[in-house]
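Tertiary structure, described
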Amino acid sequence: MLLNPNQPNRNNVQGLILRGYTHPCSCHLLFTFTGGNNFNSKAFFSDLYPKLQSAADWGNNKPASMLNIGLTYNGLSLLKVISPSDLTYFPSTFQNGPSDPGSQDSLGDVGESSPEKWWNNQGNAVNNKLHCVVHVYGMTSNDLDELVSQVTASATKNGLVEILPLAIKDNGGRLYQSIVQHDPAKIHFGYTDGISEPSMNANPSGNTSAETNNNFVIGYPKGSTSDPGPTGVDTASRFAKDGCYNAFRIIYQDVAAFNLFLKQSANNPEVKKKLSHLNLTEAETEEWLAAKLCGRWRNGSPLMLSPDKPEASTASAEDFMYGSSSGIAGADDDVPSSLKCPFSAHTRVANPRDQLLSGSEGTNGPPRIARRGMPYGADLKNGATTDDGVDRGLIGIFLCGNLAGQFEKLYSWMNFNNFSGKKIFNPRKPPQDALLGTRDLHSTIFPNITNTFTIPVSGTSAAESIVLTMPSFLTTRGTAYCLLPSILSIAKLAGIKKPKLSSQWG
Amino acid sequence: MASPLTMYVQIKQDKVSQGIAAAALQSFTQGVQAGLDKAGIVHYATLALIPNPSTVPGKPVKGYLAILLMTDFDLAMNPYLDTFWDMGGGIKDAIAAIASISFNPVPPIKTKTQFENFINSVNLTPAPKTGGWKNFYQAYPLTVEQINAG
Ligand code: HEM
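In short, a report on the structure.

Reading guide: rules and limits
- Residues numbered from 1 in each chain as written.
- Chains lettered and ligands numbered in written order.
- Predicted model: local features only at pLDDT ≥ 70, side-chain atom pairs only at ≥ 80, totals over all residues.
- Heavy atoms only, no water.
- Helix = DSSP H or I, 4+ residues; strand = E, 2+ residues; numbered from the N terminus.
- Rg over C-alpha atoms; globule rule 2.2 N^0.38 Å.
- Buried < 20%, exposed > 50% of the residue type's maximum accessible area, 1.4 Å probe, protein only.
- Contact = heavy atoms within 4.5 Å.
- Areas by Shrake-Rupley, 256 points an atom, 1.4 Å probe, with all protein chains shown as cover.
- Lys, Arg positive; Asp, Glu negative; His and termini not counted.
- Charge placed at Lys NZ, Arg CZ, Asp CG, Glu CD.
- Donors = N, O, S within 2.8 Å, 3.2 Å for Na, K, Ca; no water.
- Near = heavy atom within 4 Å.
- Polar contact = N/O pair within 3.5 Å; in protein donor to acceptor, adjacent residues only side chain to side chain.
- Nonpolar A, V, L, I, M, F, W, Y, C, P; charged D, E, K, R; others polar.
- Buried area = accessible area lost by both parts, 1.4 Å probe.
- Salt bridge = Lys/Arg side-chain N within 4 Å of Asp/Glu carboxyl O.
- Axes fitted to C-alpha atoms, helices over the stretch in contact; angles between N-to-C directions.
- Left-handed = near helix turned anticlockwise from the far one by under 90°.
- Pairing = 2+ DSSP bridges.
- Core = buried A, V, L, I, M, F, W, Y, C linked by side-chain atoms within 4.5 Å.
- Expected span 1.5 Å × (residues − 1).
- Phe/Tyr/Trp six-rings, centres within 6.5 Å; stacked < 30°, edge-to-face > 60°.
- Lys NZ or Arg CZ within 6 Å of the ring centre and 35° of its normal.

1. Here's the deal with the overall build of chain A
Each helix and strand counted, chain A has 16 helices and 12 strands in total. Computed over C-alpha atoms, the radius of gyration of chain A comes to 23 Å, within 12% of the 23 Å expected from 2.2 N^0.38 for 506 residues, which places it in the range of a compact globule. Each principal axis of the C-alpha atoms in chain A carries an extent, and together these give about 70 × 50 × 50 Å. Buried positions account for 60% of the 506 residues belonging to chain A. A separation threshold of at least 6 residues defines the contact pool for chain A, and within that pool the share at least 24 residues apart is 71%. Put simply, chain A shows about 19,200 Å² of open surface, and 51% of that area lies on carbon and sulfur atoms. Averaging the locations of the 43 positively and 43 negatively charged side chains of chain A gives two centres separated by 4 Å.

Written out as structure tokens, the structure reads:
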């Protein structure tokens, strides 16, 4: 194989890392390596290897079905390809996993979301023995089912035991992708997802950027602000090279509570009064509020480009800023934009772009993550405000090269909007992300947070804004930190002696 | 609630290492001041040297056994270690200097992963696995920013 020290070979990187798939069907299977008979990892990975998809361009030959593989630190430790002393070179955040208190200080999973309740109340029994996640994709449900059967048959034959993350009543307990509102781009709550993503361009010259692929793919530290690791000359670093971390997070979405919140807020006399000049119908007010919570209208149009109504022409737009276009100089140049997109709108917290950050955030600007998730669970009847008992939400696949510096950093921002010293954020009572905050007012981790969401309307003072009290719409169903190893590393696990790999750089 | 970080590192006994430790103590505040002021999330930071243990009661002993860095900072530790690394300068240098004189060999700290792993490996006060803190007291729940906001 040719070696290019400055950029990854796409043939050696798992596909979901560098490209978003558009296969409409997928299933995400969880396995443990313990508890079965005659565990044979080599045979299992060797069975899966022919369907393992790289990031190389597939041209006109889009695979009907394919898969990608993630391993937790506990899983890797059992595979004996990395010496026990070298395993300690993996970042401690990955080693300890997301239920560790150090990670929980950012993720803030409490109550029904707490790690003891993850995976359909199996909690630590699964947190400690979840070893492998296989992401299976199909063009049709038949294609998918066929490959899922092959994977599970191989697992059983080779001593792996499947873990069911959901209750049996919900799709047999497995995480199957669902289609929301007949549109593969939609997620529950009705928003269009998968729009704003880091460029994932190669960075051969090593320019500093948070969105090039060397912030995600391990082994190319030059110019990377996230500095994925490990990158030594040890067995852990060699195994990890061309891999990427996946914060795999299953989030239940209470769609009925969300719909009810929009309806009640649209009928709130204070809201009606402050929006009277817009002459909106009740349904239009609900859409307006939904857009303010997210920072994008449900069709995808960003509020910064389409502040008054959704527009087809901006539905997939990514190119906008919060500060520099305001015409105002200085530290407050990003305040006027809050009249369009509120400071705590989800997309503004998850990527504040050019918004001025506090000193504690360093000088690299906001970290980026790549999102490859999809919804699970059937639609709730359009607009319903009472729950039907179906489990539904997001199969979150959040990719990064540095779990602490990218995924957990953004989560800590979402739970505690203190990252930008704005006067509108009363530092004594910081708000949370309008869609994602924990709303845990007694939190000792996020002291004195408020559960209100401020939407500036005619100005940025409280009197000129709508202030909504936010319920929690989300429950964490489980989280695992996985390494998505390179194709060559999986070949090694499969015992394939001389795997063929052509080169495609970048 | 802030997180305590208590880094305890046994140090080498040779003259150069002992000299580095003594010098670190003298220049600590000056070295980290600018970075910590800018970060605005650290409540305090103290560096101390632990004397070698006496072998004969009452007889003073020369040199230092270990270096102890005690600090208490806001919110989660994991992501903010990353930021301290990005800021460079005093804090990064202080940690690298401590690692360089560690009695237990530590690979030179050149990456974020090594920085994160070294600090976590010598932290005597990691967040408790279950329940709340049993060995940490804090008089107030406010962040540095909240206190400074009056
Ligand atoms: C059920 C939970 C969630 C929902 C309903 C949700 C919804 C959305 C929507 C509708 C968008 C706008 C579409 C787009 O730009 O692609 C978006 C963007 C985004 N979300 Fe989420 N999200 C959720 C969880 C998360 C989590 C857990 C994270 C981070 C750890 C996250 C990070 C982001 C980022 C980085 C963006 C892109 C922002 C930008 O670049 O402008 N989201 N999300």
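Now that the structure has been shown, the text picks up again.
2. As for the coordination of the iron atom of the ligand
You will see that the iron atom of the ligand has only one donor from the protein, H346 of chain A (NE2), lying 2.1 Å away. Relative to the helices and strands, H346 of chain A resides in helix α14 (residues 346-350).

3. What about the site of the ligand?
Residue and element names in this part refer to chain A. If you check the shell around the ligand, you find 26 residues, and the closest are I195, S196, H346, R353 and R371. One of the side-chain nitrogen or oxygen atoms of R353 is found 2.8 Å away from an oxygen atom of the ligand. Contacts to the ligand include R371, whose side-chain N or O atom sits 2.7 Å from an oxygen atom. For the shell around the ligand, the secondary structure elements donating two or more residues are β6 (244-253), α14, β9 (393-400) and α15 (403-415). Residue classes in the shell around the ligand are distributed as 14 nonpolar, seven polar and five charged.

4. Concerning the interface of chain B and chain A
Facing 33 residues of chain B, the contacting portion of chain A comprises 42 residues. For the pair chain B and chain A, the summed buried surface comes to about 2,900 Å²; carbon and sulfur atoms form 50% of the total. Broken down residue by residue, the surface that chain B buries against chain A is led by L75, N78 and Q146 of chain B, which jointly contribute 18%. Taken together, chain B and chain A are joined by one salt bridge. Of the charged contacts, one joins K129 of chain B and D100 of chain A as a salt bridge, the two residues approaching to 2.7 Å between their closest N and O atoms.

5. Focus on the packing of helix α11 (residues 255-266) of chain A against helix α13 (residues 282-294) of chain A
Residues and elements named next belong to chain A. α13 packs onto α11 with a crossing angle of 115° between their chain directions and a minimal axis gap of 9 Å. Note that α11 runs across α13; the crossing there is right-handed. Judged by residue contacts, F258, F261, L262, K263, S265 and A266 of α11 engage E282, T285, E286, L289, A290 and L293 from α13. Grouping the constituent residues of the contact of α11 with α13 by class yields seven nonpolar, two polar and three charged.

6. A closer look at the sheet that holds strand β1 (residues 2-10) of chain B
All names here are of chain B. One open sheet accounts for three strands, arranged β1-β3-β2; its pairing is antiparallel. The strands lining the two open edges of the sheet, one partner per strand, are β1 and β2 (42-51). Taken over all neighbouring pairs, the strand axes of this sheet differ in orientation by 10° on average, direction set aside. Pairing of β2 with strand β3 (residues 64-74) involves nine bridges; the strand directions are antiparallel. Directly across from I50, in β3, lies its bridge partner A66.

7. Here we look at the nonpolar core
Residues F44, F45, F90, V134, V151 and L293 of chain A together with F118 of chain B are the most contacted members of the largest nonpolar core, which totals 129 residues. For F45 of chain A, the residues in contact, after removing those within four places along its chain, are F33, I69, L71, L79, I490, L493 and A494 of chain A. In terms of nonpolar packing, the next biggest core, distinct from the first, is built from 35 residues, L16, V217, Y220 and C244 of chain A among them.

8. A closer look at the pairing of β9 of chain A
All names here are of chain A. Here β9 lies mainly inside the structure; eight of its eight residues are buried. Two strands pair when backbone bridges link them, and β6 and β9 are joined in this way by eight bridges, in the antiparallel orientation. Residue pairing in the sheet places A247 in a bridge with F398 of β9. One ladder, built from two bridges, connects strand β7 (residues 370-371) with β9; its direction is antiparallel. Its bridge partner being in β9, R371 is matched across the sheet by F398.

9. Describing α11 of chain A
Helix length check: α11 of chain A (12 residues) gives 16 Å between terminal C-alpha atoms against 16 Å at 1.5 Å per residue, within 8%. Taken together, the buried residues of α11 of chain A touch β6, α12 (269-274), α13 and β11 (465-469) of chain A.

10. Some thoughts on the packing of aromatic side chains
Any two aromatic rings considered together are summarised by their centre-to-centre distance and by the angle between their planes. Applying the stated rule across the entire model yields 23 aromatic pairs over all chains. With centroids separated by 4.9 Å and ring planes inclined at 25°, the aromatic side chains of F33 of chain A and F39 of chain A adopt a geometry described as stacked. Judged by centre distance (5.4 Å) and plane angle (65°), the rings of W133 of chain B and F136 of chain B are edge-to-face. Its guanidinium or amino end placed over the ring of F320 of chain A, R353 of chain A lies 3.8 Å from that ring's centre, counting from NZ or CZ. The cationic tip of K92 of chain B hangs over the ring face of W85 of chain B; the distance from NZ or CZ to the ring centre is 4.0 Å.

11. Notes on unusual backbone geometry
Glycine aside, residues mostly have negative phi angles, and peptide bonds mostly take the trans form. Residue and element names in this part refer to chain A. Cis geometry marks the peptide bond from G229 to P230, where omega comes out at 10°. In this structure, K80 is a non-glycine residue whose phi angle is positive, near 60°. Tracing the sequence through the fold places K80 in the loop between α3 (73-79) and α4 (84-87). In this model, N120 sits at a positive phi of 55°, which is unusual for a non-glycine residue. When you line up the elements, N120 lands in helix α7 (residues 118-121). Judged by its relative accessible area of 37%, N120 falls in the partly exposed class.

12. Observations regarding the pattern of salt bridges
Residues and elements named next belong to chain A. What the rule picks out here adds up to 19 salt bridges over all chains. Note that D193 is salt-bridged to R371, the shortest N-O span being 2.8 Å. Separated by 178 residues along the polypeptide, D193 in the loop between β5 (175-176) and α10 (235-240) and R371 in strand β7 bring together distant segments of the chain. Owing to a relative accessible area of 27%, D193 belongs among the partly exposed residues under this scheme. The salt bridge partner of E197 is R371, with a shortest N-O separation of 3.9 Å. Within this pair, whereas E197 is found in the loop between β5 and α10, its partner R371 is found in strand β7, the two being separated by 174 residues in sequence. Exposure remark for E197: the relative accessible area of 15% places this residue in the buried category. It is possible to trace a salt-bridge network through shared partners that takes in D193, E197 and R371.

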